[in-house]
2 protein chains.
Amino acid sequence: MASTHRRWVFVRRPEGMPTGAEFRLEEVPTPDPDPGQILVRTRWISVDPYMRGRMRAGPSYAPPWEVGEVPRGGAVGEVVASRRPGFAPGDVVVGTWGWEEMARLDGHGLTRWPWPDLSPTLGLGMLGMPGLTAYFGLFEVGRPRPGDTVVVSAAAGAVGSVVGQLARLAGCRAVGIAGSAEKVAFVRDVLRFDAAVSYQDPQWTAALEAACPDGVDVYFDNVGGSVTEAVMDRLALRARVVVCGQIARYNQEGPAPVTRDWLWQTIAKRIRVEGFLVGDFALRHAEALERLAAWVRSGRLVGRETVVEGFERVPEALLGLFRGTNVGKQLVRVAGS
Amino acid sequence: MASTHRRWVFVRRPEGMPTGAEFRLEEVPTPDPDPGQILVRTRWISVDPYMRGRMRAGPSYAPPWEVGEVPRGGAVGEVVASRRPGFAPGDVVVGTWGWEEMARLDGHGLTRWPWPDLSPTLGLGMLGMPGLTAYFGLFEVGRPRPGDTVVVSAAAGAVGSVVGQLARLAGCRAVGIAGSAEKVAFVRDVLRFDAAVSYQDPQWTAALEAACPDGVDVYFDNVGGSVTEAVMDRLALRARVVVCGQIARYNQEGPAPVTRDWLWQTIAKRIRVEGFLVGDFALRHAEALERLAAWVRSGRLVGRETVVEGFERVPEALLGLFRGTNVGKQLVRVAGS
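All values reported here derive from a predicted model rather than from experimental measurement. (Residues numbered from 1 in each chain as written. Chains lettered and ligands numbered in written order. Predicted model: local features only at pLDDT ≥ 70, side-chain atom pairs only at ≥ 80, totals over all residues. Heavy atoms only, no water.)

Q: Could you clarify how one ought to interpret the packing of helix 2 (residues 129-142) of chain A against helix 3 (residues 160-169) of chain A in this entry?
A: Geometrically, a packed helix pair is captured by the angle between its two axes and the distance between the axes. Residues and elements named next belong to chain A. Two numbers describe how helix 2 lies on helix 3: the axes approach to 8 Å, and their chain directions differ by 45°. In this view, helix 2 runs oblique relative to helix 3, as classed from their interaxial angle. Where helix 2 crosses over helix 3, the two elements pack in a sense that is right-handed. Residue-level contacts link Gly131, Ala134, Tyr135, Leu138 and Phe139 of helix 2 to Val162, Val163, Leu166 and Ala167 of helix 3. Looking at the contact of helix 2 with helix 3, its residues break down into eight nonpolar, one polar and no charged. (Axes fitted to C-alpha atoms, helices over the stretch in contact; angles between N-to-C directions. Helix = DSSP H or I, 4+ residues; strand = E, 2+ residues; numbered from the N terminus. Parallel < 35°, antiparallel > 145°, perpendicular 65-115°, else oblique. Left-handed = near helix turned anticlockwise from the far one by under 90°. Contact = heavy atoms within 4.5 Å. Nonpolar A, V, L, I, M, F, W, Y, C, P; charged D, E, K, R; others polar.)

Set out below in structure tokens:
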């Protein structure tokens, strides 16, 4: 066990798009675990769009990262020392802890990875928060019916890629919107959505229209902004809009520009627009994870991971989410994984 | 029975705010009823905001009024001749027919007024479409819980005035938004909402804030536009927005200006925004009307009618809705009522 390790500290709140200067790398002594604690070597760190919200001061659904503290997020690690019953050296654990190479943890919110036949990095993606977000957002908020056309934005992302596949499992037609030709090919050819369009294509709204000849029954929105406005124009009778993320807005300060008011059309079309958080369904996470794991095992649910190598690149990986550099789940591999 | 009567014909579609030139009054021979038909003398005509939508071409939830035809809407009349079983001269009927002094009808959608102790004009207001809209919109879409703060826009109107009173019956705090000091006094002193504010008051958003110290749990929206944007800024956790009407938008052509994008906040607050039409609940109208009638009889549901005198003033009464000249239900009394 090294006597020192590196960690990231959040040193300033960004205005608008983060630059990376919000974080500082430092080296600190590695503590020994006290009774009831374990020491974990971090193997993988998850970066997720919701973290942009944690960079802001003030209350939100996730507590803000405090300046001067180590940012926390999803991670996979290996127990190297344990003074806590139920954890032993060599155990692979998934949970939420700080961006540091070695973490002393009390076991709270920590799970021993339960499926030896499946990669524990899935616990940060399809079998973790993003997969659960897709599952509950689509099934409980979107409530798709067989035959529905389900459109998902950020379709190549960690959540969107699961949403479209679950929609197909539910007997729906899945249409993805993504930000590049490469992502569109992934969504169509690997994830097997029925159709996919790139909003970078100048003709993309015509392509969306062609992909949804009967309109959009469920729109699972991860992005907001102009992409969402284009989908809103094509909602079908009794459409449901699942508001999951608004990444197009996360780096904007002040009121966001909008070009249309779509509220009026909710009446004649009886549209329902509803936001949710995955934590609202916490009591049912275990049930959903068993189903998701079964679909992964049977090959009905597939994904991709985009891996950035090296602990020193965690902020870079996070910033990449806002430029759309990831396909599928964005992870950082910490040295030695 | 007169051998001729007057009727209104819809002669042109408006662009923007109607002027009255959309309608032409003409005199026509009064027909005799054929077998299966009745002849009705129109006593009261209802004008309603949704009629603006019927002035537009193209499909909507209500069929458009066709140029060259007689506009149709809610009315109360008296049977003067009947060749249809179940209807006799002297019967008071409520239903939907054309803007004409004498109407030959086949009985479809026509109801003999069932409550001799209650004014049949209530069948155009609290015990008709507006009352049912309030009932199902609030109870089925808004789903208020005791203790909720329910805000309603156009609170002095035919729908809004019922919404707030029903909210109080459901154990909620009712806050009304209206467009004049007179309407605010009516909402507060006659309808007995807990609070009311006028959006004409420059300080009105501060007054709204003071009236809703814990935020807005249910917003029943009849107006849209800037009033709605102000309420959207004050929604509470798990708020429900019932989209019933958007009168601020009805006379705008093309995209409506908006100043904010509130979609992002639906996530953290788990807001549900949902449109509806009263016709969706048609199978349950009778049940709701019995309850509403009981509340009217017991004095727990009160209202006001604004009456314009004279058949020749039907278009004027309709246009008044868009200028907010009515308090409560706007009716036209046809000569001889």
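Picking up where we left off.
Q: Please explain the interface of chain B and chain A as it appears in this structure.
A: For interface size, the figure often reported is the accessible area lost on association. Residue-level contacts link 31 residues of chain B with 31 residues of chain A. Carbon and sulfur atoms supply 64% of the area buried between chain B and chain A, which totals about 2500 Å² over both sides. Connecting chain B to chain A are four salt bridges. With its nearest N and O atoms 3.3 Å apart, the salt bridge here joins Arg238 of chain B to Asp280 of chain A. In this assembly, chain B and chain A are joined by seven residue pairs in polar contact (both at pLDDT 80 or more). When contributions to the side of chain B that touches chain A are tallied by element, the ones reaching two or more residues are helix 6 (225-232), strand 12 (235-243), helix 8 (265-269) and strand 13 (272-275) of chain B. Residue contributions to the side of chain B that touches chain A peak at four residues, all from strand 13 of chain B. The class makeup of the residues in the side of chain B that touches chain A is 16 nonpolar, six polar and nine charged. Pairing analysis gives three bridges linking strand 13 (residues 272-275) of chain A to strand 13 of chain B, with the strands arranged antiparallel. (Buried area = accessible area lost by both parts, 1.4 Å probe. Salt bridge = Lys/Arg side-chain N within 4 Å of Asp/Glu carboxyl O. Polar contact = N/O pair within 3.5 Å; in protein donor to acceptor, adjacent residues only side chain to side chain. Pairing = 2+ DSSP bridges.)

Q: Even after reading the chapter, I still don't get the environment of Ala185 of chain A, so can you show me in this structure?
A: All names here are of chain A. Mapped onto the secondary structure, Ala185 falls in helix 4 (residues 181-190). Residue classification places Ala185 among the partly exposed residues on the basis of a relative accessible area of 27%. With eleven residues separating them in the primary sequence, Ala185 and Ala196 have C-alpha atoms 7.8 Å apart. (Buried < 20%, exposed > 50% of the residue type's maximum accessible area, 1.4 Å probe, protein only.)

Q: Even after reading the chapter, I still don't get the relation of the copies chain B and chain A, so can you show me in this structure?
A: What relates the two chain copies is a rotation about an axis together with a slide along it. The operation relating chain B to chain A is a screw motion whose rotation component is 180°, with 0.0 Å of axial translation and a residual RMSD of 0.0 Å. Overall, the copies show the geometry of a two-fold rotation axis. Closest approach to the rotation axis within chain B is made by the C-alpha atom of Val273 of chain B, at a distance of 2.5 Å. When the interface residues of chain B are mapped onto chain A, 100% of them are again interface residues, pointing to one common binding face. (Least-squares fit on C-alpha atoms with pLDDT ≥ 70 in both.)

Q: Is there a simple way to explain the pairing of strand 12 (residues 235-243) of chain A in this structure?
A: Put simply, side chains in a regular strand alternate between the two faces of the sheet. Residue and element names in this part refer to chain A. Taken across its nine residues, strand 12 has seven buried, putting it largely inside the fold. With helix 6 (residues 225-232) bridging strand 11 (residues 216-221) and its parallel neighbour strand 12, the resulting β-α-β unit is right-handed. When strand 12 meets strand 13, the two strands line up parallel, connected through four bridges. The residue bridging Arg240 from the neighbouring strand is Arg272, located in strand 13. (Right-handed = clockwise from strand over helix to strand, strands pointing away.)

Q: Would you mind going over the domain arrangement of chain A with me for this structure?
A: Residue and element names in this part refer to chain A. The assigned domain composition of chain A is domain 1 (4-126 + 304-333) and domain 2 (129-280). Placing a centre on the C-alpha atoms of domain 1 and another on those of domain 2 gives a separation of 28 Å. Listed by partner, the interface residues are 23 residues for domain 1 and 18 residues for domain 2. Across the domain 1/domain 2 interface, buried area totals approximately 1600 Å², and carbon plus sulfur atoms make up 58% of it. In this assembly, domain 1 and domain 2 are joined by zero salt bridges. Inspection of the region where domain 1 meets domain 2 yields five residue pairs in polar contact (both at pLDDT 80 or more). In the side of domain 1 that touches domain 2, the residues fall into eleven nonpolar, six polar and six charged. (Domains from an automatic or database assignment.)

Q: Help me understand the side chain of Asp217 of chain A in this model?
A: All names here are of chain A. Along the chain, Asp217 turns up in strand 11. Buried charge without a partner: Asp217 forms no salt bridge, and the closest opposite charge is Arg240, 4.7 Å away. What Asp217 contacts, discounting residues up to four positions off in sequence, is Gly147, Asp148, Thr149, Ala236, Arg238, Ala239 and Arg240. (Lys, Arg positive; Asp, Glu negative; His and termini not counted.)

Q: Can you walk me through the packing of helix 2 of chain A against helix 9 (residues 285-297) of chain A in this structure?
A: All names here are of chain A. At a closest axis distance of 10 Å, the pairing of helix 2 and helix 9 adopts a crossing angle of 105°. By the angle class used here, helix 2 and helix 9 are roughly perpendicular. On helix 9, the residues that touch Gly131, Leu132, Tyr135, Phe136 and Phe139 of helix 2 are His285, Glu287, Ala288, Leu289, Arg291, Leu292 and Trp295.

Q: So what exactly am I meant to see when it comes to helix 9 of chain A here?
A: Since one α-helical turn is 3.6 residues long, residues separated by three or four positions face the same way. Residue and element names in this part refer to chain A. Between its first and last C-alpha, helix 9 extends 18 Å over 13 residues, near the 18 Å set by a 1.5 Å rise per residue. Taken together, the buried positions of helix 9 are occupied by His285, Ala288, Leu289, Leu292, Ala293, Trp295 and Val296. Down the axis of helix 9, the smallest arc covering the buried residues is 160°, so these residues share one side. On the buried face of helix 9, the contacting elements are helix 2 and helix 3. (Expected span 1.5 Å × (residues − 1). Arc of directions from axis to C-beta.)

Q: I'm lost on the sheet that holds strand 12 of chain A in this one. Help?
A: Each strand in a sheet pairs with another by means of backbone hydrogen bonds, the pair being arranged parallel or else antiparallel. The strand order across the open sheet built from twelve strands is 10(A)-9(A)-8(A)-11(A)-12(A)-13(A)-13(B)-12(B)-11(B)-8(B)-9(B)-10(B), with neighbouring strands paired in mixed fashion. Both edges of this open sheet fall to strand 10 (195-198) of chain A together with strand 10 (195-198) of chain B, since each of them pairs with a single strand only. Geometrically, the sheet is characterised by an average inter-axis angle of 15° between neighbouring strands, direction not taken into account. Taken together, the five bridges between strand 8 (residues 149-153) of chain A and strand 9 (residues 173-178) of chain A define a ladder with parallel strand orientation. Bridging across to strand 9 of chain A, Val151 of chain A finds its partner in Val175 of chain A. Relative to the sheet, helix 2 of chain A contacts strand 8, strand 11, strand 12 and strand 13 of chain A, its axis offset from that of strand 11 of chain A by approximately 145°.

Q: Looking at this model, I keep getting lost on the packing of aromatic side chains. Mind explaining?
A: Two aromatic rings, taken as a pair, are described by how far apart their centres are and by the angle between their planes. Scanning the model with the defined rule gives 21 aromatic pairs over all chains in all. Ring centres of Phe10 of chain A and Trp65 of chain A lie 5.9 Å apart, and the angle between their planes is 70°; this geometry places the pair in the edge-to-face category. Of this pair, Phe10 of chain A sits in strand 1 (residues 4-10) while Trp65 of chain A sits in the loop between helix 1 (51-54) and strand 4 (72-82), and the two are 55 residues apart along the sequence. This pair shows no difference in class: Phe10 of chain A is buried, exactly as Trp65 of chain A is. With centroids separated by 6.3 Å and ring planes inclined at 70°, the aromatic side chains of Phe220 of chain B and Phe276 of chain B adopt a geometry described as edge-to-face. Note that Phe220 of chain B is positioned in strand 11 (residues 216-221) and Phe276 of chain B in the loop between strand 13 and helix 9 (285-297), a separation of 56 residues in sequence. Across the pair, exposure class does not vary: Phe220 of chain B and Phe276 of chain B are buried alike. An aromatic cluster of three or more residues is present, and its members are Phe10, Phe23, Trp65 and Trp99 of chain A. (Phe/Tyr/Trp six-rings, centres within 6.5 Å; stacked < 30°, edge-to-face > 60°.)

Q: Teacher, can you tell me more about the nonpolar core here?
A: Among soluble globular proteins, nonpolar side chains are generally buried collectively. Val151, Tyr219 and Leu235 of chain A together with Val151, Tyr219 and Leu235 of chain B are the most contacted members of the largest nonpolar core, which totals 52 residues. Ignoring anything within four residues of it in the chain, the contact list for Tyr219 of chain A reads Val151, Ser153, Val227, Thr228, Val231, Leu235, Arg240, Val241 and Val242 of chain A. In terms of nonpolar packing, the next biggest core, distinct from the first, is built from 51 residues, Trp44, Val187, Phe220 and Ala293 of chain B among them. (Core = buried A, V, L, I, M, F, W, Y, C linked by side-chain atoms within 4.5 Å.)

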